[in-house]
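# An overview of the molecular structure
Here is what each chain is made of, one letter per residue.
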Amino acid sequence: MNITQTVYQDGDAGCLVFLPGRNGHSSDLKQFYSIEKFKMIGFDTPEKQWYAKPNGIKDQSEAIATLEINRKFIQAEIEKIGMPKNKIAVIGFSAGGVAAIWTVINDGEEYALAMAHSGAILDISNIPPSKFNKMSIMMAHGKQDDVFGYEERFVPSIEGLRKQGYCTGKITTPLGKHNIEPDDAEMIESLLYHKLLVGNGF
């Protein structure tokens, strides 16, 4: 997988890595984030996808296999940033949110956090146990999401993470669909600010 990095903003307090949804671009995520003193980098691929498209929840073996392969490419690109991973937040939308969480929980090193806007975990049965008490796994989801259904995808994902000991946070909107809510991005910025600059975030 070929990944192109776009540096949207420089900074040394921490780093936000943006993973776009299928057929999207990292700038789609960047427009929701404006935190100062943080580096912001977008990851994009010519294929415009992080894994093969599933054919529903019962036919996703190829999606799971390609995600496992490609999350290693994402991890390798993150290491090129040259910043400690506990200062890096990986943020994704939709399929990018799937890739963000899967990369972070399988890396073996502690990140500041992972955030999935309208994402999910494909392979609930293979979530590894958490090794870090302070690594936040955040998920924002609308109850009207027609891509990753709330009950079918989101609820099992957050429950699976908690069962494996992850420090999770969830944001749900009753009328929300498959999109990014500006308030959700602001909440992540506040969390990162307190966690990495003030030193009292969870």
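First, a word on scope: everything that follows refers to the structure included in this document. (Residues numbered from 1 in each chain as written. Predicted model: local features only at pLDDT ≥ 70, side-chain atom pairs only at ≥ 80, totals over all residues. Heavy atoms only, no water.)

## A look at helix 2 (residues 61–80)
- Under the 1.5 Å per step criterion, the end-to-end length of helix 2 is 30 Å for 20 residues, consistent within 8% with the ideal 28 Å.
- Within helix 2, burial applies to Ala 63, Leu 67, Asn 70, Arg 71, Ile 74, Gln 75, Glu 77 and Ile 78.
- Contacts made by the buried residues of helix 2 are with strand 1 (4–9), strand 2 (15–19), strand 3 (39–44), strand 4 (88–93) and helix 3 (95–107).
- Among the residues trailing helix 2, Gly 82 stands out with phi positive, at a value near 80 degrees. (Helix = DSSP H or I, 4+ residues; strand = E, 2+ residues; numbered from the N terminus. Expected span 1.5 Å × (residues − 1). Buried < 20%, exposed > 50% of the residue type's maximum accessible area, 1.4 Å probe, protein only. Contact = heavy atoms within 4.5 Å.)

## Description of the environment of Gly 96
- Within the element layout of this structure, Gly 96 appears in helix 3.
- The spatial distance from the C-alpha of Gly 96 to the C-alpha of Ala 120 is 9.6 Å, given a sequence separation of 24 residues.

## With respect to the pattern of salt bridges
- Applying the stated criterion across every chain, the model contains 6 salt bridges.
- With a shortest N-O distance of 2.9 Å, Arg 71 and Glu 68 are connected by a salt bridge. Taken together, the residues Arg 71 and Glu 68, both in helix 2 and 3 residues apart, mark about one turn of the helix.
- Judged by relative accessible area, which is 9%, Arg 71 ranks as buried.
- With a relative accessible area of 27%, Glu 68 lands in the partly exposed category.
- Among the charged side chains, a network of salt bridges with common partners joins Glu 79, Lys 85, Asp 107 and Glu 109. (Salt bridge = Lys/Arg side-chain N within 4 Å of Asp/Glu carboxyl O.)

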